[in-house]
Amino acid sequence: MASQDALRQATRLASSSALLQVLFRVVTFGLNAFTLRYLSRELIGVVSVRVPLGVFWSIFLGLIWLHLLEVPDPSVVPHYQAGVVAFGLSAVIELLGEPFWVLAQAHLFVRLKVVAESLSVVSKCVLTVILVVLYPQWGLYIFSLAQLLYVSVLVMCYVFYFVMFLGSPEATKKSFPIARMKALLPNWVEDETFVNWKEARLTWSFFKQSFLKQILTEGERYVMTFLNVLNFGDQGVYDIVNNLGSLVARFIFLPIEESFYVFFAKVLERGKNVKDQKQDDVSMAANVLELLLKLVLLIGLTITVFGYAYSQLALDIYGGSMLSSGTGPVLLRCYSLYVLFLAINGVTECFTFALMCKEEVDRYNFVMLALSFTFMCFSYFLTRWHGSVGFILANCFNMGIRIAHSIHYISDYFRESTYRPLSGLLPSPVLALVYILSGVMTGFSEVFCCCDKGWMAKLIHISVGALCFAATIGTVLCTETKLIHFVRSQFLSRYMKKGT
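About the cut-offs
Residues numbered from 1 in each chain as written. Predicted model: local features only at pLDDT ≥ 70, side-chain atom pairs only at ≥ 80, totals over all residues. Heavy atoms only, no water. Helix = DSSP H or I, 4+ residues; strand = E, 2+ residues; numbered from the N terminus. Buried < 20%, exposed > 50% of the residue type's maximum accessible area, 1.4 Å probe, protein only. Contact = heavy atoms within 4.5 Å. Areas by Shrake-Rupley, 256 points an atom, 1.4 Å probe, with all protein chains shown as cover. Axes fitted to C-alpha atoms, helices over the stretch in contact; angles between N-to-C directions. Parallel < 35°, antiparallel > 145°, perpendicular 65-115°, else oblique. Nonpolar A, V, L, I, M, F, W, Y, C, P; charged D, E, K, R; others polar. Core = buried A, V, L, I, M, F, W, Y, C linked by side-chain atoms within 4.5 Å. Salt bridge = Lys/Arg side-chain N within 4 Å of Asp/Glu carboxyl O. Phe/Tyr/Trp six-rings, centres within 6.5 Å; stacked < 30°, edge-to-face > 60°. Lys NZ or Arg CZ within 6 Å of the ring centre and 35° of its normal. Patch = residues over 30% accessible without salt bridge, like charges linked within 9 Å, V, L, I, M, F, W, Y side chains within 5 Å. pLDDT = per-residue confidence, 0-100. Left-handed = near helix turned anticlockwise from the far one by under 90°. Expected span 1.5 Å × (residues − 1).

Caption draft 1: Structural context of the overall build of the chain. The helix and strand tally for the chain stands at 20 helices and zero strands. A burial count over the chain gives 50% of its 500 residues as buried. Taking the contacts inside the chain whose residues are at least 6 apart along the sequence as the reference set, 81% of them involve residues at least 24 apart. Accessible surface for the chain amounts to roughly 24,600 Å². Of this, 68% is attributable to carbon and sulfur atoms.

Caption draft 2: A look at the packing of helix 4 (residues 80-96) against helix 7 (residues 140-165). The geometry of helix 4 relative to helix 7 is characterised by a closest axis approach of 9 Å and an angle of 10° between their N-to-C directions. The angle between the axes of helix 4 and helix 7 places the two elements in the roughly parallel class. Here Tyr 80, Ala 82, Gly 83, Ala 86, Phe 87, Leu 89, Ser 90, Ile 93 and Glu 94 of helix 4 lie close against helix 7, whose contacting residues are Leu 140, Tyr 141, Phe 143, Ser 144, Gln 147, Leu 148, Val 151, Ser 152, Leu 154 and Val 155. Here the contact of helix 4 with helix 7 is built from residues that sort into 13 nonpolar, five polar and one charged.

Caption draft 3: Structural context of the nonpolar core. In terms of nonpolar packing, the biggest core is built from 74 residues, with Phe 264, Phe 351 and Phe 414 touching the most fellow members. A total of 21 residues in this core trace back to one element, the largest contributor, which is helix 12 (residues 279-319). Dropping the residues within four chain positions of it, Phe 351 is found in contact with Phe 264, Leu 268, Leu 289, Ile 410, Tyr 413 and Phe 414. In this structure, Leu 103, Phe 109, Ala 116 and Leu 166 belong to the second largest nonpolar core, which totals 20 residues.

Caption draft 4: The arrangement of the environment of Val 132 in detail. For Val 132, the location among the structural elements is in helix 6 (residues 110-134). Residue classification places Val 132 among the buried residues on the basis of a relative accessible area of 0%. Distance from Val 132 to Phe 143, taken between C-alpha atoms, is 9.3 Å for residues eleven residues apart in sequence.

Caption draft 5: The pattern of salt bridges, seen in detail. Throughout the structure, instances matching the rule amount to five salt bridges. Salt-bridge contacts for Glu 416 lead to Lys 275; the nearest nitrogen and oxygen are separated by 4.0 Å. Taken as a pair, Glu 416 in the loop between helix 16 (389-413) and helix 17 (429-449) and Lys 275 in the loop between helix 11 (247-267) and helix 12 lie far apart in primary sequence, 141 residues in all. For Glu 446, the salt bridge goes to Arg 333, with nearest N and O atoms at 2.8 Å. Of this pair, Glu 446 sits in helix 17 while Arg 333 sits in helix 14 (residues 328-355), and the two are 113 residues apart along the sequence. Of the two residues, Glu 446 and Arg 333, both sit in the buried class.

Caption draft 6: Structural detail: the packing of aromatic side chains. Considering all chains together, one arrives at 15 aromatic pairs under this definition. Note on Tyr 161 and Phe 165: the rings are 5.6 Å apart at their centroids and 15° apart in plane angle, and the pair reads as stacked. One end of the pair is Tyr 161 and the other is Phe 165, both in helix 7 and four residues apart, which spans about a single turn. Under the relative-accessibility criterion, Tyr 161 is labelled partly exposed at 26%. The class for Phe 165 is buried, based on a relative accessible area of 3%. Aromatic ring contacts, followed pair by pair, group Phe 260, Phe 263, Phe 264, Phe 351, Tyr 409, Tyr 413 and Phe 414 into a single cluster. Positioned above the aromatic ring of Tyr 150 is the side chain of Lys 124, whose terminal nitrogen or guanidinium carbon lies 5.3 Å from the ring centre. Geometry around Tyr 308 places Arg 333 over its ring, the cationic atom sitting 5.4 Å from the centre.

Caption draft 7: Spatial organisation of a nonpolar patch on the surface. Taken together, the side chains of Val 122, Val 126, Val 129, Ile 130, Val 133, Leu 134 and Tyr 135 present a nonpolar region at the surface, about 560 Å² in accessible area. Mapped onto the fold, Val 122 is located in helix 6. Under the relative-accessibility criterion, Val 122 is labelled partly exposed at 46%.

Caption draft 8: Up close: the confidence of the model for the chain. On average, the chain scores 77 in pLDDT, and the residues at 70 or more come to 73%. Taken element by element, the predicted model of the chain shows its lowest mean pLDDT in helix 2 (residues 41-56) (46) and its highest in helix 17 (92). This stretch, residues 45-55, has a pLDDT under 50; its non-local contacts, to residues over four places away or in other chains, come to 37 contacts. Below pLDDT 50 for its whole length, residues 494-500 participates in seven contacts with residues either more than four positions away or in separate chains.

Caption draft 9: Geometry of the packing of helix 15 (residues 358-386) against helix 16. It is the contact of helix 15 with helix 16, at a shortest axis distance of 7 Å, that shows an interaxial angle of 160°. Regarding the angle of helix 15 to helix 16, the classification is roughly antiparallel. Crossing of helix 15 against helix 16: the hand is right-handed. Contacts between helix 15 and helix 16 pair Glu 360, Tyr 364, Leu 371, Thr 374, Phe 375, Phe 378, Ser 379, Leu 382, Thr 383, Trp 385 and His 386 from the former with Val 389, Gly 390, Phe 391, Leu 393, Ala 394, Asn 395, Phe 397, Asn 398, Ile 401, Arg 402, His 405 and Tyr 409 from the latter.

Caption draft 10: Summary view of the side chain of Lys 294. Summarising the element assignment, Lys 294 is placed in helix 12. Owing to a relative accessible area of 10%, Lys 294 belongs among the buried residues under this scheme. In this structure, Lys 294 is in contact with Ser 423, Gly 424, Leu 426, Glu 480 and Leu 483, ignoring residues within four places of it in sequence.

Caption draft 11: Structural view of helix 4. Between its first and last C-alpha atoms helix 4 spans 25 Å; for 17 residues at 1.5 Å apiece the expected length is 24 Å, and the two agree. Along helix 4, the positions that sit buried rather than exposed are Tyr 80, Gly 83, Val 84, Ala 86, Phe 87, Gly 88, Ser 90 and Ala 91.

Caption draft 12: Summary view of the side chain of Ser 144. Residue placement: Ser 144 occurs in helix 7. Owing to a relative accessible area of 3%, Ser 144 belongs among the buried residues under this scheme. In contact with Ser 144, not counting residues within four places along its chain, are Ala 82, Gly 83, Ala 86 and Phe 87.

Rendered as structure tokens:
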């Protein structure tokens, strides 16, 4: 029963988060398409690539950003210094709310997360639109104020909720481990050592892993910033394409990864081999892992196949000729392939990290250290060779190595059992054939109908894609019945009940 409850809560959190992310991306998609008509791509490049690095290193590297790195032309990107300071301040504010976010995530407070993120994102979008329309000359002030409002609303939602929740009858009924807000602050407990060294060592291991994972995830931005391999305009185009290409990764893959990490950590005990676990829990975990792998694989393959033929059309509709000409379409095509790597890596890593003991985490940190150095070198040389496309190719290499490590861990973990969850990475032959035919047909359609041959040709191109997509979905419904049952019973069950 406990495992079933954990699965139900995890799927509820994942589906709610995914729905929330879809709504967010619809809002921000329209916002970005709107602001692209008002702002220069140099300003967008600074906001999207340079300033988030100032967030991460706000305390330590603020002076470097302001005085040692290249500063944009004030006539093109005004108020750069104020933007760095404001984004650094927003990082500090957001860190104040981190303990509350961890509590909410660990205890699966779905409604709190939905409300907090909804209010903060809506507030940010509304303020951005107002300032862009009324005061476009403010430059980075617009994004700085919007970011400060976003983190302030987000943190205040979490703080206000826990002020009301802690000590309440509901918290007592749930046996919530914290009774007062004061318990979230650093404190000295009598008859106990000042530092729990076992937990401290585990925390240090995860800190090193998070630091290295940050390099692997955002490494191309560091290369852009410190080595100046792209100008601000190219950085802006790259980041717009990056954000557009990662929509599915953010609103589907990330909620699944976060929610099912909690599920696997609750169902299986960290550091124990498969024989020492409860076999019913092992069976459930293996089955869920296999179906999750199949789910994200099919989503990733769909994005890869159809993204190749419709990248130029999507960019033309989204940002006009500024994006659809030049390197934009090539970038988005490559990113469509990268989405497939992201899909598989998210699920395999969430299982691996949920089961690793401290010693395994430490060993993996050495792997990530070597991988981080290799990734940075690949990013630099591939970018010199092939421009901004080199960043995506380096990311594909990075994700491929991480996937190989996770697959090796999962294979070893289930070797002494009868379960083979990695079979979820193998689509049925019929479905694979449909994907190949869809890729060929949409590819020919793009050559003859897109994208400078008028709207009628574009509509024909879209119609061909719609027919191929319908055939793909129909094949999935016929060949992947086990997966369809899992999605309907776990992810869609509560929405279907509301509709009946």
